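# Analysis of the macromolecular model
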Amino acid sequence: MLEGLNEAQREAALHEDGPLLVVAGAGTGKTTTLAHRVAQLIGRGVPPERILLLTFARRAAAELLRRVDGLLGRAALDRPASSRVWGGTFHSVATRLLRQHGERIGLHPGFTIHDRGDSEDLLEVLRAELELGRGKRRFPRKATCLDIYSRCVNARAPLDGVLARAFPWCSEQVDGLKLLFRTFVDRKAEQRVLDYDDLLLFFHALLGTESAGAAVRAQFDHVLVDEYQDTNALQAELLDRLCPGGRGLTVVGDDAQAIYGFRAATVRNILDFSARHPGARTVVLAENYRSTPELLLATNRVIAQARERHPKDLWSRKPSGERPELVTCADETEQTEYVLARILERREQGMDLRRQAVLFRASHHSLHLEVELGRRGIPFHKYGGLRFVETAHVRDLLAFLRLAENPRDLLAGTRVLGLLPGVGPRTARTLLEPVQRAGSFASWEDGARVPSPARAHWTALVALCRELAAPTPPTLPVQLHRIRAFYAPLCEERYDHVPARLRDLEQLEQLAAGFADRGAFLGELTLEPPRSTQDLAGPPSLDEDHLVLSTIHSAKGLEFDAVHVIHAADGNIPSDLTTGSPEEIDEELRLFYVALSRAKRHLSVTFPLRWFDRPAGTGGRYAFAQLTRFLPPEVASAFELRTAFPETARPALPAEDAFLLPEVRGALRALWN
DNA sequence: GTAGAACAGTTTTTT
DNA sequence: ACTGTTCTAC
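Residues numbered from 1 in each chain as written. Chains lettered and ligands numbered in written order. Predicted model: local features only at pLDDT ≥ 70, side-chain atom pairs only at ≥ 80, totals over all residues. Heavy atoms only, no water.

### A few points about the sheet that holds strand β3 (residues 86-88)
Whether parallel or antiparallel, the strands of a sheet pair through hydrogen bonds between backbone atoms. The criterion, for reference: Strand pairing follows a simple DSSP-based rule, namely that at least 2 bridges must link the two strands. Each helix corresponds to a stretch of at least 4 residues labelled H or I by DSSP, and each strand to a stretch of at least 2 residues labelled E; elements are numbered beginning at the N terminus. Orientation is described by lines fitted to C-alpha atoms, with helices fitted over the stretch in contact, and by angles between N-to-C directions that extend from 0 to 180 degrees.
The six strands lie next to each other as β3-β2-β6-β7-β1-β8, forming an open sheet whose pairing is parallel. Every interior strand has two partners, whereas the edge strands, β3 and β8 (281-285), have only one. The sheet shows a mean angle of 10° between the axes of neighbouring strands, direction not considered. Relative to strand β7 (residues 249-253), strand β6 (residues 222-225) runs parallel, the two sharing three bridges.

Dropping the structure here:
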């Protein structure tokens, strides 16, 4: 079974029960190695259901287990490993185990889960209630408040230190924040609601109790963690409790690809693993099976600029190919034209669009390109950026489901009631108080005091809630259908682009058909929302070829024959929005490295010299960009230097760009189509 | 208390 | 340019 593995991979696959760190450089066969290790464990007699596989995305776990099934061959036919191994993200596994054992730490098993937007909304409500920020000094915005809170929880760090280190401009508001966070915690408990941070925190707490902790530990013999470089301090402590002394613990990752520091992930976890687990075996995978030597020369040089890392130069036996190119473009239009020309040229040569990708730092960096793709009718899927489930109408619809699932969820209730004309936060709260006390909608049946503009809708709403919250509710698609019938007219009152929004809701109804029950549906949408609009249409259709557009973050773990990294200008990579600390700059460097190392054969890095910048106050202006600082001359020499269209000496500020903004807006609207 | 209008501040990556 | 917040007229 082990043929085809190199020595290091084999060592990792055959390792027994002690703590194991696999440092797996980009493209070094990490998934293959993990799959072999799982298959070895099963072959050695470990029951699949006693293996826990923690990955960054559920899809990664599924892909890995599919390969395990393949390795096990006939032995797996009857009961495939893929259906028995515990797999998923930390958050989804936490959810399952908390539903199973949470009552032992006083957690109600019917809890619902708040996503980021919900948590922000709750913080906003509480801030208003507590009258914070009434004074002269501005109080941090809700998103910042949540970032601060979240960092405290995930980094296991007290508020004062977090403020001083990461949010110094908020330090003055420390008392207000303390009050806000105390109330936030209490309020979530009353509502039987957990947010992302709570899932980890309570999982950690569960493992810390004597009997429940032992029960969970006894469920698993082996825990394997993928993308370990992107775990945070809380997750590391959680693993300590799950695998005392590191027994049965395997972690796999690459410190050179740590890109989630903004989410409190710390590269220290992987750098310090051996110190934390005395006797740990470290295996380094350095033979690259992905990229040509020319590309590796370039990517090795880029990452060599990092300050601290597990040093490893990747090498490859692949045949020689073309050098990567570094292309200077006069402006964004040229960049788009150049990238498109190259992509179409390769398609002519037989490389499908799906084998090619365009990567960028921020979601909006691809708008210009999207417009052009749309105009030429070239199909593409975009990953990253604003998601379907974050749009207002989808959140409205889901609020009905959440309220039915958990009538104590005040946020869902406020959102639903707020849809009625004449009902604002105040009225909603009054109406929801008895519901929260009783856990049912009985108080609405007989003469609740409803403002007159809302009366016309009231009877229908009460009937709807009663039906959805009944002991045996209709099937999920029927539930969604009923909600849509009630919601459609209200939606028309409130929003633009109603037909597109209603179509989204129909799609949601179809998506719901695949789920056993409401709780599973809501959990899935919260923990693993569809990553591109095309994902909603079901499994990716194999018939239509499409180009991949992706943020660098969302491209983690993927590979493509040809990769174009666009907007590689200082200010974008590294982003101007970082505070400029050496740690943050290093993370941006790793991000750039992740982008470059996705490529198998062709790599181009482009940047526009002049682009339309929109600083505050001004109506926008052209700014002059410089090449990213991550490609100084000694690194850039690994690239073929080119100018996109040397023959077109463009006049300054071409007027044709004036037509672009309306088109970009059009593209934005198309996001809802 | 709600809803619409006027104003002000800020802009990334995501479980 | 857009979002979020505050102000003001119902």
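### Details of the side chain of Asn269
Where we set the bar: What qualifies as a polar contact is a pair of N or O atoms within 3.5 Å, subject to a donor-acceptor requirement within protein and to the restriction that residues adjacent in sequence count only when both atoms come from side chains. Residues count as neighbours in contact if any of their non-hydrogen atoms are within 4.5 Å of one another.
Considering the arrangement of structural elements, one finds Asn269 in helix α12 (residues 268-271). In terms of polar contacts, Asn269 uses its side chain to reach the side chain of Thr231, at 3.0 Å. Ignoring sequence-local partners within four residues, the contact set of Asn269 consists of Tyr228, Thr231, Asn232, Ala233, Ala236 and Arg276.

### Some details on the layout of surface pockets
Any empty space left between atoms is shown by rolling a water-sized probe over those atoms. Quick note on the threshold: Both site types are read off a 1 Å grid over the protein atoms alone. A 1.4 Å probe that fits but cannot get out defines a cavity, while an open set with protein on both sides within 12 Å along at least five of seven lines defines a pocket; lining residues have an atom within 4 Å of a point. Grid points are joined across faces, edges and corners, and a volume is the space filled by probe spheres set on the points. In this classification, the charged set is Asp, Glu, Lys and Arg, the nonpolar set is Ala, Val, Leu, Ile, Met, Phe, Trp, Tyr, Cys and Pro, and all remaining amino acids, among them Gly, are polar.
Estimates place the volume of the second largest pocket at around 540 Å³. If you go around the second largest pocket, you meet 27 residues; those closest to its centre are Asp121, Arg395, Leu411, Thr414 and Arg415. Put simply, the parts of the chain that give the lining of the second largest pocket at least two residues each are α5 (116-129), α17 (392-405), α18 (410-417), α19 (425-438) and α24 (518-527). A per-class count over the lining of the second largest pocket returns 14 nonpolar, four polar and nine charged.

### Some points on the nonpolar core
Proteins that are soluble and globular tend to have nonpolar side chains buried together. Condition: Buried Ala, Val, Leu, Ile, Met, Phe, Trp, Tyr and Cys residues form a nonpolar core when they are joined through side-chain atoms within 4.5 Å. We call a residue buried when its accessible area falls under 20% of the maximum for its residue type, exposed when it is over 50%, and partly exposed in between, using a 1.4 Å probe and counting protein chains only.
With 61 residues, the main nonpolar core has Ile148, Leu177, Leu180, Val223 and Val225 as its most contacted residues. The dominant element in this core, judged by the number of residues it contributes, is helix α6 (residues 142-155), at six residues. Here Ile148 is in contact with Leu159, Val162, Leu163, Phe167, Cys170, Leu177 and Phe181, once residues within four sequence places are set aside.

### Topic: the packing of aromatic side chains
Rules: Under the pairing criterion, centres of Phe, Tyr and Trp rings, with the six-membered ring standing for Trp, must be within 6.5 Å; the plane angle then separates stacked pairs below 30 degrees from edge-to-face pairs above 60, leaving the rest tilted. Charge-over-ring placement is defined geometrically: NZ (Lys) or CZ (Arg) within 6 Å of the ring centre, and within 35 degrees of the ring normal.
Across all of its chains, the model carries twelve aromatic pairs by this definition. Taking 4.9 Å as the distance between ring centres and 85° as the angle between the ring planes, the aromatic pair formed by Tyr149 and Phe184 counts as edge-to-face. In this pair, Tyr149 sits in helix α6 while Phe184 sits in helix α8 (residues 174-190), placing the two residues 35 residues apart along the sequence. Its relative accessible area of 6% is what places Tyr149 among the buried residues. A relative accessible area of 0% places Phe184 in the buried class. Ring centres of Phe441 and Trp444 lie 5.2 Å apart, and the angle between their planes is 50°; on these two criteria the pair is classed as tilted. Across this residue pair, the class does not change: Phe441 and Trp444 are buried. Three or more aromatic residues joined by ring pairs form one cluster here, namely Phe56, Tyr260 and Phe262. Looking at Arg99, its charged tip hangs above the ring of Phe111, at a distance of 4.1 Å from the centre.

### Some details on the packing of helix α2 (residues 30-43) against helix α3 (residues 58-72)
Put simply, the test is: Orientation is classified from the angle alone, with under 35 degrees giving roughly parallel, over 145 giving roughly antiparallel, 65 to 115 giving roughly perpendicular, and any other angle giving oblique. Here a crossing is taken to be left-handed if its near helix is turned anticlockwise relative to the far helix by less than a right angle, and right-handed if that turn runs clockwise.
The interhelical angle for the contact between α2 and α3, taken along N-to-C directions, is 55°, at an axis separation of 9 Å. Judged by the inter-axis angle, α2 sits oblique to α3. Handedness of the α2/α3 crossing: right-handed. Counting all contacts with α2, which are made through Thr31, Thr32, Leu34, Ala35, His36, Val38, Ala39 and Ile42, the residues of α3 involved are Leu64, Arg67, Val68, Leu71 and Leu72. The residue inventory of the contact of α2 with α3, partitioned by class, reads nine nonpolar, three polar and one charged.

### As for the pattern of salt bridges
Cut-off, in case you're wondering: Put simply, a salt bridge is a Lys or Arg side-chain nitrogen that is within 4 Å of an Asp or Glu carboxyl oxygen.
According to the stated counting rule, one finds 55 salt bridges in the structure shown. Close ionic contact of Arg247 with Asp17 constitutes a salt bridge, the shortest N to O distance being 3.4 Å. Of this pair, Arg247 sits in the loop between α11 (233-242) and β7 while Asp17 sits in the loop between α1 (7-14) and β1 (20-24), and the two are 230 residues apart along the sequence. Accessibility expressed as a relative area gives 27% for Asp17, which makes it partly exposed. Note that Arg84 and Glu49 form a salt bridge whose closest N and O atoms lie 3.1 Å from each other. With Arg84 in the loop between α3 and β3 and Glu49 in the loop between α2 and β2 (51-54), this residue pair connects regions lying 35 residues apart in the sequence. A single network of salt bridges, built from pairs that share partners, joins Asp118, Asp121, Glu124, Lys142, Arg395, Arg402 and Asp409.

### Details of the protein's contact with DNA strand B
Cut-off, in case you're wondering: Nearness is judged by heavy atoms alone; a residue qualifies as near a molecule or strand once a single heavy atom is within 4 Å of it.
Of all residues adjacent to DNA strand B, which total 29 residues, the nearest are Arg361, Arg387, Gly422, Arg426 and Thr427. Taking all atoms of DNA strand B within 4 Å of the protein, the share assigned to sugar and phosphate is 61%. Here a phosphate oxygen of DNA strand B and a backbone polar atom of Gly422 are 2.6 Å apart. In this structure, a phosphate oxygen belonging to DNA strand B sits 3.2 Å away from a side-chain N or O atom of Thr551.

### Some words on the packing of α1 against α2
Between α1 and α2, whose axes approach to 8 Å, the crossing angle comes to 35°. The chirality of how α1 crosses α2 is right-handed. Across the interface between the two elements, Gln9, Ala12, Ala13 and Leu14 of α1 pack against Thr33, His36, Arg37 and Gln40 of α2. A per-class count over the contact of α1 with α2 returns three nonpolar, four polar and one charged.

### Quick word on the pairing of strand β12 (residues 356-360)
Successive side chains on a regular strand alternate, one facing one side of the sheet and the next facing the other. With respect to burial, β12 is a largely interior element, five of its five residues being buried. Across the two faces of β12 the burial is the same, with Gln356, Val358 and Phe360 and Ala357 and Leu359 all buried. In the sheet, β12 pairs with strand β15 (residues 560-565) via four bridges, with the strands oriented parallel. Along β15, the bridge assignment pairs Gln356 with Ala562.

### Side note on α17
Here is the rule we go by: Each residue after the first adds 1.5 Å to the expected span of a helix.
With 14 residues, α17 should cover 20 Å at 1.5 Å per step; its first-to-last C-alpha distance of 20 Å lies within 8% of that length. Of the positions making up α17, those classed as buried are His393, Val394, Arg395, Asp396, Leu397, Leu398, Ala399, Phe400, Leu401, Arg402, Leu403 and Ala404.

### As for helix α14 (residues 293-303)
In terms of burial, α14 is largely enclosed, as eight of its eleven residues are buried. If you check which residues of α14 are buried, you get Glu294, Leu295, Leu296, Ala298, Thr299, Asn300, Val302 and Ile303.

### A few points about empty space enclosed by the protein
One pass over the structure, following the stated rule, counts five cavities of 30 Å³ or more. Approximately 50 Å³ is the volume found for the largest cavity. Lining the largest cavity, in full, are Glu332, Gln335, Thr336, Val339, His365, His368, Leu369, Ile566 and His567. Those elements that provide at least two residues to the lining of the largest cavity are α15 (332-348) and α16 (367-376). When residues of the lining of the largest cavity are assigned to their parent elements, the largest contribution, four residues, is made by α15. Tallied by class, residues from the lining of the largest cavity come to three nonpolar, five polar and one charged.

Read these as geometric descriptors, not functional statements.
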